[in-house]
Each structure stands twice: as structure tokens, then as C-alpha cells.
Amino acid sequence: MKVILNQDVKHLGEEGDVKVVANGYARNYLLPRNLALPYNEVTVAYFEGRKAEIEARKAEKRKDAASLKEKLEAFTVTLVMPAGPNGKLYGAVTNQTVADELHKNDFDIERKRIEIPGIAIKSVGKYHATVRLYEATTAEIPIHVISQEEKAREAEAAAAKEAEKAAEA
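Fair warning: this is a prediction, and the values are worked out from it, not measured in the lab.

1. A closer look at the overall build of the protein
A count of helices and strands for the protein gives five helices and nine strands. For the protein, the α and β elements follow one another from N to C terminus as β-β-α-β-α-α-β-β-α-β-β-β-β-α. For 169 residues, the compact-globule estimate of 2.2 N^0.38 gives 15 Å, and the protein exceeds it by more than 25% at 24 Å. With respect to the three principal axes, the spread of C-alpha positions in the protein is 80 × 35 × 20 Å. Out of the 169 residues belonging to the protein, those deemed buried represent 31%. Pairs at least 24 residues apart make up 50% of the contacts formed inside the protein by residues separated by at least 6 positions. For the protein, the computed accessible surface area is about 10900 Å², with 52% contributed by carbon and sulfur atoms.

2. As for the nonpolar core
By size, the foremost hydrophobic cluster in this structure holds 24 residues, and its most contacted members are Leu72, Leu102 and Ile114. Among the elements of the structure, α3 (51–74), β4 (77–81), β5 (88–93), α4 (95–104), β8 (125–132) and β9 (138–147) are those that each provide at least two residues to this core. Counting residues per element, this core draws most heavily on β9, at four residues. Excluding anything up to four places from it in sequence, isoleucine 114 contacts Asn95, Val98, Ala99, Leu102, Ile109, Ala129, Thr130 and Val131. Judged by nonpolar contacts, the second largest core, of nine residues, contains Val9, Leu12, Ala26 and Leu30.

Criteria and cut-off values
- Residues numbered from 1 in each chain as written.
- Predicted model: local features only at pLDDT ≥ 70, side-chain atom pairs only at ≥ 80, totals over all residues.
- Heavy atoms only, no water.
- Helix = DSSP H or I, 4+ residues; strand = E, 2+ residues; numbered from the N terminus.
- Rg over C-alpha atoms; globule rule 2.2 N^0.38 Å.
- Buried < 20%, exposed > 50% of the residue type's maximum accessible area, 1.4 Å probe, protein only.
- Contact = heavy atoms within 4.5 Å.
- Areas by Shrake-Rupley, 256 points an atom, 1.4 Å probe, with all protein chains shown as cover.
- Core = buried A, V, L, I, M, F, W, Y, C linked by side-chain atoms within 4.5 Å.

This is the structure:
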């Protein structure tokens, strides 16, 4: 059945797209939820009248995706994880771990949009993850995984520098 999407539908298309879907999918899911309208002359004319409005909405989404891309690429995700003496993590850094860290820093990114190389990170180091934003827009975010022991050593070194400065003053 040929339909015109009335709203963005995940894994199908965006508002105003003409799609051919299974009859049952259209009758039982898309049409009752007002996600799509049947393709005919009346609905085509209706969407032609709304074309400028739909394009403006898409342009706004592209602009938002571009600004989010800049913010994400400027941000470094630093994760402190328990690790063994050889740098192997006791666990793994997955896209869910990265999504949780981004949520803590006011980025609203779904875990399904985050792609980590090799499915999961299993050792300490610096990595890059890809975040799919809107259409073909993607952002590369740097991920820095450090062990808890390394973090403790950095804290001790910083405390020693502070004590040294206080002693000089």
C-alpha cells in the first residue's frame, strides 16, 4: 500500500515521504495512529500545500544537528573504570556507558545512535566513537578511558602540587 507519512516514523521515513508498505502495517499501525495517510490525489494536494512548512522543519533539524555536532566534537568523554595492572578493564565500555556519561553532561543522545569501534572497549586508552545525528550528519567524539588507580595517582600529584604552592607562599 502506498502512503504519505504524516509524522517522522523511526526506521521508515520522515514527514512528507511517500512510502510503499505492507497492507497490514498500514491498516493496523500507521493509519490508526495517524502516522500516515493513504496516497491519493487529496492527500498529495494537502502535502503539496504543507511542503514549505515541512522543509522548514527539516532545515531546523539539520541546523540543530550541526550545532550539536560541534558541541559533541569539542567534548571529551572521560571514563574512570576499574582495570588490572596491564590496563585491561574489569568489564567493558559500551555504547550504553558512553550514553550515560553524555546524559550526565546534558547531551540527550540515544545509545542506539552511538557506535563504538569493535562493539566494546576493553582496555585503557584513547578511542573515538561515532554518533549518528540527523540524516548523514555524524559526530566523532573522543573517549578517554583511564583506570581508577591512574586517577588516584593524578589526584595525589595534584594534591602534592597544591601543598608545594602553599609551602612556598
